[in-house]
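A look at the structure
So the chains spell out like this:
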Amino acid sequence: NNVLRFPQAKTPNAGYGSAMHNILNKSLMYLKTQKKYPILDEVKKWFTEYLQFERLSRQEYKNFLEKGLSALDLIYKEKILTMKDTEVSEVDFKHEGVFLRDGADVICLTGKIDVLHFADKSDVYVADYKTGKALKDWVKGNNENDKIKLHFYKNQVQGPLASEDLPGVYIN
């Protein structure tokens, strides 16, 4: 499906995840432009607005709105108030020249990384926003798709034809 890019309707859970993703991205952009954190009420207002644009039934909207507004209390403290204005969000690798080589085959990696946090000159932390269970390790995914995605992130950040044993890239 994703390889051929057939259009596909978002599931209600994906719509909820998109609304959460959008408020996290907007919060970082707010921090960068305003040099301060947005207030929680503003973040909740953004979430409500983003959720309205998702294709949800009235009941799904009501359920996800309640769930999201409740979750934002913790997300605000744990994620938004810990953001740094040096972080970079929505890093698109479509034209970055990051490749994987499999024998004679060369695969160009594309896609976006939600957030890159540069801890110092050699360490980069990758954040992939999820509304489900987080992955903390490059090798231990919940399933094969998770493991593949984690390795793609690592290769995207490390650069063209990088080997897996390069240090300094972490999942968050």
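Just above, that's the structure.
Residues numbered from 1 in each chain as written. Predicted model: local features only at pLDDT ≥ 70, side-chain atom pairs only at ≥ 80, totals over all residues. Heavy atoms only, no water.

Looking at helix α3 (residues 58-78)
Across its 21 residues, α3 extends 30 Å between first and last C-alpha, which sits within 8% of the 30 Å expected from 1.5 Å per residue. Leucine 72 marks the point of greatest bend in α3, at about 35 degrees. Taken residue by residue, α3 has Phe64, Leu65, Gly68, Leu72 and Tyr76 as its buried positions. Turning to α3, the residues buried within the fold contact α1 (12-34) and α2 (40-52). (Helix = DSSP H or I, 4+ residues; strand = E, 2+ residues; numbered from the N terminus. Expected span 1.5 Å × (residues − 1). Bend = angle between axes of the 7 residues up to and from the residue. Buried < 20%, exposed > 50% of the residue type's maximum accessible area, 1.4 Å probe, protein only. Contact = heavy atoms within 4.5 Å.)

Brief notes about the side chain of serine 89
Tracing the backbone through its elements, the reader meets serine 89 in strand β1 (residues 88-92). Looking at serine 89, the relative accessible area reads 13%, which means it is buried. Separated by 2.6 Å, the side chains of serine 89 and asparagine 25 make a polar contact. Excluding anything up to four places from it in sequence, serine 89 contacts Asn25, Leu28, Met29, Ile113, Asp114 and Val115. (Polar contact = N/O pair within 3.5 Å; in protein donor to acceptor, adjacent residues only side chain to side chain.)

Observations regarding the side chain of aspartate 114
By secondary structure assignment, the location of aspartate 114 is in strand β4 (residues 112-118). Owing to a relative accessible area of 9%, aspartate 114 belongs among the buried residues under this scheme. Separated by 2.8 Å, the side chains of aspartate 114 and histidine 21 make a polar contact. Here aspartate 114 is in contact with His21, Val88, Ser89, Glu90, Ala127, Asp128 and Tyr129, once residues within four sequence places are set aside.

Notes on the packing of aromatic side chains
Per the stated rule, a full pass over the model turns up 3 aromatic pairs. With 5.9 Å between their ring centres and 55 degrees between their planes, tyrosine 30 and tryptophan 46 make a pair best called tilted. Here tyrosine 30 is found in helix α1, whereas its partner tryptophan 46 is found in helix α2, with 16 residues between them in sequence. Residue class for tyrosine 30 comes out partly exposed when judged on its relative accessible area of 23%. Linked through ring pairs, Tyr16, Phe47 and Phe64 together constitute an aromatic cluster. (Phe/Tyr/Trp six-rings, centres within 6.5 Å; stacked < 30°, edge-to-face > 60°.)

Quick look at the pairing of strand β5 (residues 124-127)
Note: β4 against β5, 4 bridges, orientation antiparallel. Opposite histidine 117, over in β5, you have tyrosine 125 as the bridge partner. Counting the residues that bridge the hairpin from β4 to β5 gives 5 residues. (Pairing = 2+ DSSP bridges.)

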